[in-house]
Amino acid sequence: MVGAISVTNGQIKGLMESRGIDNYQGEEKDIVIASLVRSNNKGDIGFMAQQQRLNVLLSRARNGLILIGNAKTFQNSPNGGELWTKFFDLMKGRIYDGLPVVCKQHPHYTKILKVPQDFDTECPDGGCAEPW
Ligand SMILES: [Zn+2]
């Protein structure tokens, strides 16, 4: 059971915390969920074009790393596109066009959630549409 959640200075007490990538240097977490934020047709990824930023991003998670973002923006970057294309090539087979989910009761039931409404239709109440 999860009690009330309070957020103070970007930290959700006891459950998770939220920070920018530059504030993660030298730290690790069991699971890291990172938003790549940038999404545009120009390939403008700002400071994420720097190899050091990708290195920090990839080396903070002990058990799991989930990246959410627009891969095309990063691949089309004039400055960091080559780096990110190499990274995405390494991740081939682990990149999805949505959020992959698996039902704990029915491990064969997997779906890719693409819009918020998919949580209700594909995995209602945290399960799946199949009978127990
Ligand atoms: Zn199920």
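Residues numbered from 1 in each chain as written. Predicted model: local features only at pLDDT ≥ 70, side-chain atom pairs only at ≥ 80, totals over all residues. Heavy atoms only, no water.

A few words on the nonpolar core. Ranked by size, the top nonpolar core spans 14 residues in total, and within it Leu36, Ile45, Met48, Leu57, Phe74 and Trp84 carry the most contacts. For this core, the elements supplying multiple residues, two or more each, are β4 (29-35), α1 (51-58) and α3 (81-90). When near neighbours in sequence (up to four residues on either side) are disregarded, Trp84 contacts Leu36, Ile45, Met48, Leu54, Leu57 and Phe74. (Core = buried A, V, L, I, M, F, W, Y, C linked by side-chain atoms within 4.5 Å. Buried < 20%, exposed > 50% of the residue type's maximum accessible area, 1.4 Å probe, protein only. Helix = DSSP H or I, 4+ residues; strand = E, 2+ residues; numbered from the N terminus. Contact = heavy atoms within 4.5 Å.)

Within the protein, the zinc ion binds to Cys103 (SG), His106 (ND1) and Cys128 (SG); these donor distances fall in the range 2.0 to 2.1 Å. Donor residues for the zinc ion sit on one chain with the sequence pattern C-x2-H-x21-C. Judged on exposure class, the residue Cys103 and its partner His106 are both buried. (Donors = N, O, S within 2.8 Å, 3.2 Å for Na, K, Ca; no water.)

Moving on to the pattern of salt bridges. Within the structure shown, the criterion is met by eight salt bridges. Two residues, Arg38 and Asp44, come together in a salt bridge whose shortest N-O distance is 3.4 Å. Given a relative accessible area of 35%, Asp44 falls into the partly exposed group. Salt-bridge contacts for Lys114 lead to Asp97; the nearest nitrogen and oxygen are separated by 3.6 Å. Here Asp97 lies in the loop between α3 and β6 (99-102) and Lys114 lies in the loop between β7 (110-113) and α4 (118-122), a separation of 17 residues in the sequence. (Salt bridge = Lys/Arg side-chain N within 4 Å of Asp/Glu carboxyl O.)

Here the protein chain averages 86 in pLDDT, and 89% of its residues register 70 or above. Across residues 1-5, where pLDDT falls below 50, the model places three contacts with residues more than four positions away in sequence or in other chains. (pLDDT = per-residue confidence, 0-100.)

Our focus in this paragraph is unusual backbone geometry. Despite not being glycine, Val37 shows a phi value in the positive range, around 60°. Its location among the elements puts Val37 in the loop between β4 and α1. For Val37, a relative accessible area of 67% corresponds to the exposed category. In this structure, Asp125 is a non-glycine residue whose phi angle is positive, near 55°. Residue placement: Asp125 occurs in the segment after α4. Asp125 sits in the exposed class, given a relative accessible area of 87%.

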